[in-house]
Every structure is written in C-alpha cells, then in structure tokens.
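One letter stands for each residue in the lines below.
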Amino acid sequence: MQELDNKKTIELLNAIMEFELAGVVRYTHYSLMVTGPYRIPIVDFFKAQATESLLHAQQVGEILTGIDGGHPSLKIAPMEETYKHKVKDILEESLSHEQKALDLYKKFLHTVENASIYLEEFARNMIGQEEMHNLELKKMLRDFG
C-alpha cells in the first residue's frame, strides 16, 4: 500500500463536506418551494435528502478530524438560485447536484485508493449511494419527458 496524501485527502474531504452542507440548504429550500398535487411525497423526498446530506457532512467531518491536520471547513459550497420552482426544474437541478457529488466522491476514491482500506470503502459506499440518488431522480423525471 502507498502512503495516504493527507493534504490532498483533507482538501477533498473539505470540498465534499462543503458540498454536502450546500445540499442540506438546497434540499430544504426545494422542500419549501414544491407546489401542486404531488407536493407531499416530493416534499418528504427533499426533506429526506436534506437529512441525508447532513449525515454525510457529519460522517466526512468525523473522518477529517481523525486525520493528522484535519480540520472541518465552516464554508458551504456555492449555490445558485435559479428561481425555477416547477417540480421538473427542481428535480433537474437535484440531478445535477447529485452528479457533482458523485464526481467528488469518485475523485476522493482515486486519491485514497491503495492508501487506506477504510477510506476506500467509505468512498465506494458513498459512490453507491450517489449513484442510487441519480437513478431515482432520473426515474422521477421520466413522467416529465
């Protein structure tokens, strides 16, 4: 096994944490903006996404503080307000957000591969979860096609 690049690992974990915290804000906002006949199940979906994003940020923070020199960021990744609040628009924005999260976790996996079994497994687990979110959002968007 190779040695873990602490600096790069910490940088990526902080980027992931900031992105997950932005997800908390994004999904909470979406849950408030949904209208229409399917409001209740979609609101519940977005509230669950916000809760999961917070859990992911907390998990990443725990890992960060376990690495020498690790210090969790207090920042939140940049977010753009599009002012598009139709369900289709919100779901498309969510899919884009989830794809970016997937890309971050893949980059993280590439960084920790062959350096830490635990971090590799964490990354793979998170990639699996993000892939599942992407699939779910794509299925939700089918009725709008």
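Residues numbered from 1 in each chain as written. Predicted model: local features only at pLDDT ≥ 70, side-chain atom pairs only at ≥ 80, totals over all residues. Heavy atoms only, no water.

Focus: the nonpolar core
In summary, soluble globular proteins display a tendency toward joint burial of nonpolar side chains.
Here is step 1: Core analysis: the biggest nonpolar cluster contains 25 residues, and Leu13, Val60, Tyr105, Phe108 and Phe122 have the highest contact counts within it.
Here is step 2: Those elements that provide at least two residues to this core are helix H1 (6–33), helix H2 (39–66), helix H3 (87–112) and helix H4 (117–141).
Here is step 3: Not counting the four nearest positions on each side in its chain, Phe108 is found in contact with Thr9, Leu12, Leu13, Ile16, Leu119, Phe122 and Ala123.
Here is step 4: Counting 14 residues, the second largest nonpolar core, distinct from the first, contains Val34, Ile42, Val87 and Leu137. (Core = buried A, V, L, I, M, F, W, Y, C linked by side-chain atoms within 4.5 Å. Buried < 20%, exposed > 50% of the residue type's maximum accessible area, 1.4 Å probe, protein only. Helix = DSSP H or I, 4+ residues; strand = E, 2+ residues; numbered from the N terminus. Contact = heavy atoms within 4.5 Å.)

Quick look at the packing of H1 against H2
Angle between the axes and distance between the axes are the two parameters that describe a pair of packed helices.
Here is step 1: Remark: H1 packs on H2, axes separated minimally by 8 Å, with the N-to-C direction vectors making an angle of 160°. With respect to H2, the element H1 is oriented roughly antiparallel. The chirality of how H1 crosses H2 is left-handed.
Here is step 2: Here the contact of H1 with H2 is built from residues that sort into 17 nonpolar, eight polar and three charged. (Axes fitted to C-alpha atoms, helices over the stretch in contact; angles between N-to-C directions. Parallel < 35°, antiparallel > 145°, perpendicular 65-115°, else oblique. Left-handed = near helix turned anticlockwise from the far one by under 90°. Nonpolar A, V, L, I, M, F, W, Y, C, P; charged D, E, K, R; others polar.)

Thoughts on unusual backbone geometry
Here is step 1: Of note in this structure, Tyr83 is not a glycine but carries a positive phi near 65°.
Here is step 2: Relative to the helices and strands, Tyr83 is located in the loop between H2 and H3.
Here is step 3: The backbone phi angle of Asn114 is positive, close to 65°, even though this residue is not glycine.
Here is step 4: Assignment of secondary structure puts Asn114 in the loop between H3 and H4.
Here is step 5: Judged by relative accessible area, which is 48%, Asn114 ranks as partly exposed.

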